[in-house]
Amino acid sequence: MKDITIIGAGIVGCSIARELSRYNLDVLVIDKNDDVAEGVSKGNSGIIHSGYNERKGTLKAKLNIEGNNLIEDLSKELQFPFKRNEALVLAFNEDEVKILKELKKNGEDLGIDGLEIISREKVFELERNISEKVVAALSIKNSGIVSPYEMTLALGENAFNNGVDFQLGKEVVDIREENGLYKIFLKDGKIQESKIIINAAGLGGAFINNLISEVKYDINKVKGQYCLFDKVAGNSCERTLFQVPGKLGKGVLVTPTVDGNLLLGPNATEEDGDRTSREGIDEIIEKGKKTIETLPFARVLNTFSGVRPKVKGDDFIIEECKDHEGFINVIGIDSPGLTAAPAIAKYVVDIVSSKINLEEKKSFIKERKKLIRMSELSLEEKNKLIKEKPSYGKIVCKCELVTEGEIIDAITRSLGARSLDGIKRRTRAMMGGCQGIGCMLPIAIKLSKELGIDISEVKKNSKSSSVIAFKED
């Protein structure tokens, strides 16, 4: 029997878990995937938005602004990378300049500081590679960038270290309420009982709600495709460069990443599946050229897509289910869900506090130590660490200079990696120029050894993604 069960181990679920771990509660996180951040949280732009374009009176506006204010201290406590790098919304004609003025006024009405419309000349002073066709821009000083999966991992690890139980790779197939308690039926036949359920299941949020409630929801899946450039292209811009937003999102952006790469995307199409397409990539390439005509497309490392959940009404749905007390929905969390996640967690805990007594832990650990990255250490620090732990002196991924010690740490630490993609998200191994050609096999061997499984059981991500398809006797 759990006090609270959170369904979903993405940025929202892990944020809520971390916030609840402050209290003397028995909390469980369930996710159908084998790792945290395997859904919406791994495939997005990684932007910490200011909230200038959100509608006054909405949860999106309120929680975006609150989340933006929380992110800096949170990044220091949990040691995940975050940078306030400013953003520019670019106008290419006078009609778009009028939209910039409307966005500025909207942001100021919401109480956002640091919004300024700057001239064409000022834009070129700030960003040397910008298109000559730009006529003005809206500068947003408190915009930032983050690694969405590293942030999710940090929150999840800290929640785990504060006593939250995680059951990953467990798919929910049914929920029933009996005598004021919830029974959660899992695909493997097991049943988990809980006093309270928090539905933070991302794209599956409507499905989870509809298992129990007569109030039904639909989620529209909006897919966005991206191009990820290497670190040589990373200095193409310093700020996040937006175009004027459209109906389905904030438009195609060009932005540096916290790891030094360059990111282009996303487009927005209402369709199922997460595969990239030639048409989709061509679309973002053409739109990207509008921002920077000289984008170095020869430096593209990879393409990927992310799918975000949209609900009717275009606002977050965060509330107790009307016909089932203690069942709390947190659904329709599309952009700016990443920014808002820390504030969403506090908002949900306020709802929980009206349902159950919250007693703060004296033993709560608010800090989390990140994985060691040898590439970030000084020569003296490297030599000292290698002397203590020789595995840190053996490079496995030559592109990103990731060592065996880092791979082992990624596997053996709290909520450790269980797949190649899990290693990738924690260490950046396989994210360099060769995209894993040179290091995938040695990493798979290391996973096999550390997990005590046959190498044929090592997966890229999902249960059906075997890395080694054939092994000779």
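Quick caveat, the model's predicted, so the values are computed rather than measured. (Residues numbered from 1 in each chain as written. Predicted model: local features only at pLDDT ≥ 70, side-chain atom pairs only at ≥ 80, totals over all residues. Heavy atoms only, no water.)

**Here's the deal with the environment of K190**
Then comes step 1: You can see K190 is positioned in the loop between β11 (181-186) and β12 (191-199).
Then comes step 2: With 20 residues separating them in the primary sequence, K190 and K170 have C-alpha atoms 9.3 Å apart.
Then comes step 3: Setting aside residues up to four positions removed in sequence, K190 forms contacts with K170, I184 and F185. (Helix = DSSP H or I, 4+ residues; strand = E, 2+ residues; numbered from the N terminus. Contact = heavy atoms within 4.5 Å.)

**Details of the pattern of salt bridges**
Two side chains with opposite charge may pair up if their charged atoms get near one another.
Then comes step 1: A full pass over the atoms with the stated rule returns 51 salt bridges.
Then comes step 2: We note a salt bridge from K231 to E400, for which the minimum N-O separation is 3.0 Å. Remark: E400 occurs in the loop between β21 (395-397) and β22 (402-403) and K231 occurs in the loop between β13 (220-229) and β14 (240-243); sequence separation between them is 169 residues.
Then comes step 3: Residue K231 is classed as partly exposed on the basis of its relative accessible area of 40%.
Then comes step 4: What makes E400 buried here is its relative accessible area of 12%.
Then comes step 5: Here R413 makes a salt bridge to D409, at a shortest N to O gap of 3.4 Å.
Then comes step 6: Put simply, E86, E116, E127, K141, E238 and R239 are held in one network by salt bridges that share partners. (Salt bridge = Lys/Arg side-chain N within 4 Å of Asp/Glu carboxyl O. Buried < 20%, exposed > 50% of the residue type's maximum accessible area, 1.4 Å probe, protein only.)

**Here we look at the environment of M151**
Then comes step 1: Examined against the element boundaries, M151 turns out to sit in helix α5 (residues 148-161).
Then comes step 2: Placed 80 residues apart in sequence, M151 and I71 show a C-alpha to C-alpha distance of 9.9 Å.
Then comes step 3: Leave out the neighbours within four places in its chain, and M151 touches I11, I71, L74, F80, V146, L338 and P342.

**Brief notes about the domain arrangement of the chain**
Much of the literature gives interface size as the accessible area that the parts lose upon coming together.
Then comes step 1: Split by domain assignment, the chain resolves into domain 1 (1-80 + 145-217 + 311-368), domain 2 (86-142 + 220-308) and domain 3 (374-457).
Then comes step 2: Taken over C-alpha atoms, the centre of domain 1 sits 30 Å from the centre of domain 3.
Then comes step 3: Domain 1 puts 14 residues into the contact, and the matching count from domain 3 is 7 residues.
Then comes step 4: Interface of domain 1 and domain 3: buried area, both sides summed, is about 1000 Å²; carbon and sulfur atoms make up 51% of it.
Then comes step 5: By the criterion of area lost to domain 3, the three top residues of domain 1 are D35, Y149 and E157, representing 44% of everything that side buries. (Domains from an automatic or database assignment. Buried area = accessible area lost by both parts, 1.4 Å probe.)

**Description of the sheet that holds strand β3 (residues 47-48)**
Then comes step 1: Read across the open sheet, the 3 strands follow the order β3-β8-β4; overall the sheet is antiparallel. Of all strands in the sheet, those with a lone pairing partner are β3 and β4 (82-83), marking the two edges.
Then comes step 2: When β3 meets strand β8 (residues 144-146), the two strands line up antiparallel, connected through 2 bridges. Its bridge partner being in β8, I47 is matched across the sheet by I145. (Pairing = 2+ DSSP bridges.)

**Re the pairing of β12**
Then comes step 1: Pairing between strand β1 (residues 2-7) and β12: 5 bridges, direction parallel. Within β12, the position partnered with K2 by the bridge is S194.
Then comes step 2: As judged from the 4 bridges shared by β11 and β12, these two strands associate in the antiparallel manner. Its bridge partner lying in β12, I184 is registered against Q192.
Then comes step 3: Hairpin geometry of β11 and β12 is characterised by an intervening segment of 4 residues between the two adjacent antiparallel strands and by a positive phi of about 95° at G189.

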